[in-house]
Amino acid sequence: MNTAVFLLVSLCCCCCCCLSAAQEEIKKTENEDKKCQTSEGSCYPDLCKLLKDFGVMEEKLRTTVEKLGVMETQLKVNENQLEELKNKERMKVIFSAALGGNGPTGPIDHDTTLIFKNVITNIGSAYNPSTGVFAAPVAGVYYFSFFYHAGGSEVKYISLFKNGQRMVSSSDHKSSGDGADNGANAVTLQLEVGDQIFIRLMANTHVWDSVNHTTFNGFLLKQV
Ligand SMILES: *[C@@H]1O[C@H](CO)[C@@H](O)[C@H](O)[C@H]1NC(C)=O
Ligand SMILES: [Ca+2]
């Protein structure tokens, strides 16, 4: 073979190869098209998949919207509960008052409600300094304390009352040995709205005040 013939043969062979490869490719594509037409309806493969995916997405969206609705309702409930808690938290009832005067109160021949006139703190104004009575503005747990100072030569006996009921007391005996006495007590009480708390000086006893050492104190611990 001379060079010219060799080139011609080579070129022809290459051409044939290319042509048959292209024909193969066309056949493959036609077959895939047929596959789609028979099993997935008459559409291109990508479009079939897209439509199917769209259906799934639509369903997901529907359930998500439903869930969102439920969550929105729950959120509203939570918000209301939070507002309620905040209101409870905001409610402040705190007072401190001293007996005042300069000298003894008592002895008196009957039990007497002590009127602590020197108001030191009265947030919420639940303590009334003209009657000595604290009235619960809200239901809750309250903490109360009271302290007295008195001369040692008299009997001392004071009690904290809830409405008509004596709850806790502090007392001391008459003595010639003690120049002065100090006593106190405290109590936590669960109160309903309007319950009244006050300190009574028992008959024929006495307490003393000059520099606010006889006091009545209380605050709301927690609304219930
Ligand atoms: C007693 O309390 C009153 C407040 O009501 C105050 O003004 C006064 O200074 C207090 N006195 C003493 C001696 O602490
Ligand atoms: Ca004593």
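Scroll up to find the structure.
Here we summarise the structure given alongside this text. Please read all numbers here as calculations on a predicted model, not as lab measurements.

**So, the environment of aspartate 181**
Turning to step 1, where the next piece is worked out: You can see aspartate 181 is positioned in strand S10 (residues 180-191).
Turning to step 2, where the next piece is worked out: Taking the relative accessible area as the measure of exposure, aspartate 181 reaches 5% and is therefore buried.
Turning to step 3, where the next piece is worked out: Separated by 2.5 Å, the side chains of aspartate 181 and lysine 156 make a polar contact.

**Points about unusual backbone geometry**
Across the chain, the bulk of peptide bonds are trans and the bulk of non-glycine residues have phi less than zero.
Turning to step 1, where the next piece is worked out: The amide bond that connects glycine 106 to the next residue, proline 107, takes the cis arrangement and shows omega of -5°.
Turning to step 2, where the next piece is worked out: Position of proline 107 relative to the elements: it lies in the loop between strand S2 (103-105) and strand S3 (112-113).
Turning to step 3, where the next piece is worked out: Its identity is not glycine, yet asparagine 204 carries a phi of approximately 60°, on the positive side.
Turning to step 4, where the next piece is worked out: Tracing the backbone through its elements, the reader meets asparagine 204 in the loop between strand S11 (196-201) and strand S12 (207-209).
Turning to step 5, where the next piece is worked out: The exposure class of asparagine 204 is partly exposed, given its relative accessible area of 49%.
Turning to step 6, where the next piece is worked out: With a phi close to 65°, asparagine 212 is a non-glycine residue in the positive phi region.
Turning to step 7, where the next piece is worked out: Checked against the element boundaries, asparagine 212 lands in the loop between S12 and strand S13 (215-223).

**Considering the site of ligand 1**
Turning to step 1, where the next piece is worked out: Taken together, the neighbourhood of ligand 1 is formed by Asn118, Val119, Val211 and Asn212.
Turning to step 2, where the next piece is worked out: In this structure, an oxygen atom belonging to ligand 1 sits 3.0 Å away from a main-chain N or O atom of valine 119.
Turning to step 3, where the next piece is worked out: One of the side-chain nitrogen or oxygen atoms of asparagine 212 is found 2.4 Å away from an oxygen atom of ligand 1.
Turning to step 4, where the next piece is worked out: The fraction of the free accessible surface of ligand 1 (360 Å²) that becomes covered by protein chains is 44%.
Turning to step 5, where the next piece is worked out: Here the shell around ligand 1 is built from residues that sort into 2 nonpolar, 2 polar and no charged.

Cut-offs applied
Within each chain, residue numbers correspond to sequence positions counted from 1 in written order. Starting at A for chains and at 1 for ligands, labels are handed out in the order in which the entities are written. Reporting of local features is limited, given that this is a predicted model, to residues whose pLDDT is at least 70; pairs of side-chain atoms are given and counted only at 80 or more, and all residues count toward the totals for whole chains, interfaces and linings. The basis for the side-chain values is all heavy atoms of the structure; hydrogens and waters are excluded. Secondary structure follows DSSP: runs of H or I at least 4 residues long count as helices, runs of E at least 2 residues long count as strands, and numbering of each begins at the N terminus. Buried means the residue's accessible area, taken with a 1.4 Å probe over protein chains only, is under 20% of the maximum for its type, while exposed means over 50%, and partly exposed covers the values in between. In protein, a polar contact means a hydrogen-donor-capable atom and an acceptor-capable atom, both N or O and within 3.5 Å, with residues adjacent in sequence counting only if both atoms are side-chain atoms; elsewhere, any N or O pair within 3.5 Å suffices. Working definition: residue near molecule or strand if any one of its non-hydrogen atoms lies within 4 Å of it. Accessible areas in this description were obtained via Shrake-Rupley with a 1.4 Å probe; residue shielding takes into account the shown protein chains only. Polarity classes work like this: nonpolar for Ala, Val, Leu, Ile, Met, Phe, Trp, Tyr, Cys and Pro, charged for Asp, Glu, Lys and Arg, and polar for all others, with Gly in that last group.

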